[in-house]
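# Residue-level structure breakdown
In case you want the letters, here they are:
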Amino acid sequence: MDKAQPLFDHLWHNYIEQNPQVRKVYNLLSNEGEEVINDHIALRTFDDPRINVDVLAKPFLNAGYHEAGKYVFEEKKLFAKHLEHSFNPKAPRIFISQLETEKFSFKLRQIVKQWVDLIPEQLLKSKELLYSGNSWVIPGFNVYQELKEESEYAAWLYVYGFRANHFTVSVNALKKYNSLEKLNDFLKSNGFSMNQAGGEIKGSPKQLLEQSSIRAGKIPVLFKEGTYEIPACYYEFARRYPDKNGKLYNRFIAKSADKIFESTDNITN
Ligand code: NI
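Below or above, wherever it landed, is the structure these notes cover. (Residues numbered from 1 in each chain as written. Predicted model: local features only at pLDDT ≥ 70, side-chain atom pairs only at ≥ 80, totals over all residues. Heavy atoms only, no water.)

## Notes on the environment of Ser-151
The test is simple: Secondary structure elements follow DSSP: runs of H or I no shorter than four residues count as helices, runs of E no shorter than two count as strands, and numbering proceeds from the N terminus. For each residue, the accessible area found with a 1.4 Å probe, counting protein chains only, is set against the maximum for its type, and the residue is called buried under 20%, exposed over 50%, and partly exposed in between. Every residue pair with non-hydrogen atoms within 4.5 Å of one another is taken to be in contact. For this analysis, a polar contact is any N or O atom pair within 3.5 Å, provided that within protein one partner can donate a hydrogen and the other can accept it, and provided that sequence-adjacent residues contribute only side-chain to side-chain pairs.
Counting through the fold element by element, Ser-151 comes out in the loop between helix H6 (141-150) and helix H7 (152-160). We classify Ser-151 as buried; its relative accessible area is 7%. What Ser-151 contacts, discounting residues up to four positions off in sequence, is Leu-99 and Phe-104. A distance of 2.9 Å separates a polar atom in the side chain of Ser-151 from the backbone nitrogen of Ala-154.

Have a look at this one:
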């Protein structure tokens, strides 16, 4: 068996447990006879050396993956790496980003440091960190709101901790819904709302990558101050095109991802 499979199983389980709309989309596609293959899985973290991109990448590197790309997202103040499996072409790419906390206020950095200080030592050393959520802390709603003023990404991570931010369906692997237009129409006709920031489809055939996503559903979360409904995770869809040499484009486009990150933003109206 693929050594990375148990990692995916844990991440997928936590993801669909928390996000019922993902299971609905998955079932809709399966019922249409489609094989749902993951283009990539996205993980988020902070740049603290105890939990940064390299720490989260390690279990994947130990399971047959290698580093295949680096990215800078200036607007969102993120740095990211993507990993690819060295011999299994069906294994999803892993996209791991970290928030560059030194580019934010002292207050944000302090909140992040205190949050990381509380992670149990044995969890920091274990691959279980990848799918441990925020099991060590009950978040404060005031803190969540404070963080959100500076960074939606920081606020999301503070509340949800370590888990897949999104899985991404490979549109290339679909038969009937083999374009984002067809797939988006199918999802909308089934009551899902697509993320419209930067247009419904980000990227273009010319850029060799197109992506879209459904908006993150809101779920009740227990905070110190009580239970509040806030956005959780979203489901993404990607179509890749071959380059001039006929090789399928394998990277990510920093500009599109800047917009895709907004799928977890809180929509107030
Ligand atoms: Ni993505």
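So that's the structure; there's more coming.
## Concerning the packing of aromatic side chains
Stated formally: Two aromatic rings, drawn from Phe, Tyr or Trp (for Trp, its six-membered ring), form a pair once their centres lie within 6.5 Å of each other, and the interplanar angle then sorts them: stacked below 30 degrees, edge-to-face above 60, tilted otherwise. The rule for a charge over a ring is simple: NZ of Lys or CZ of Arg within 6 Å of the ring centre, and within 35 degrees of the ring normal.
On inspection of all chains with the given rule, the structure shows 26 aromatic pairs. Arranged with centres 6.4 Å apart and planes meeting at 45 degrees, the rings of Trp-12 and Tyr-235 form a pair that is tilted. With Trp-12 in helix H1 (residues 5-18) and Tyr-235 in strand S10 (residues 234-240), this pair connects stretches of sequence that are 223 residues apart. For Trp-12, a relative accessible area of 22% corresponds to the partly exposed category. Ring geometry for Tyr-177 and Phe-186: centres 4.2 Å apart, planes at 25 degrees, overall stacked. Like Tyr-177, the residue Phe-186 is buried in the burial classification. Chaining the aromatic ring pairs together yields one cluster made of Trp-12, Tyr-15, Tyr-26, Phe-167, Tyr-235 and Phe-237. Across from the ring centre of Trp-156, 5.0 Å away, lies the NZ or CZ of Arg-44, which sits over that ring. For the cation-ring pair, Arg-240 lies above Phe-252, with the distance from its terminal atom to the ring centre recorded as 5.1 Å.

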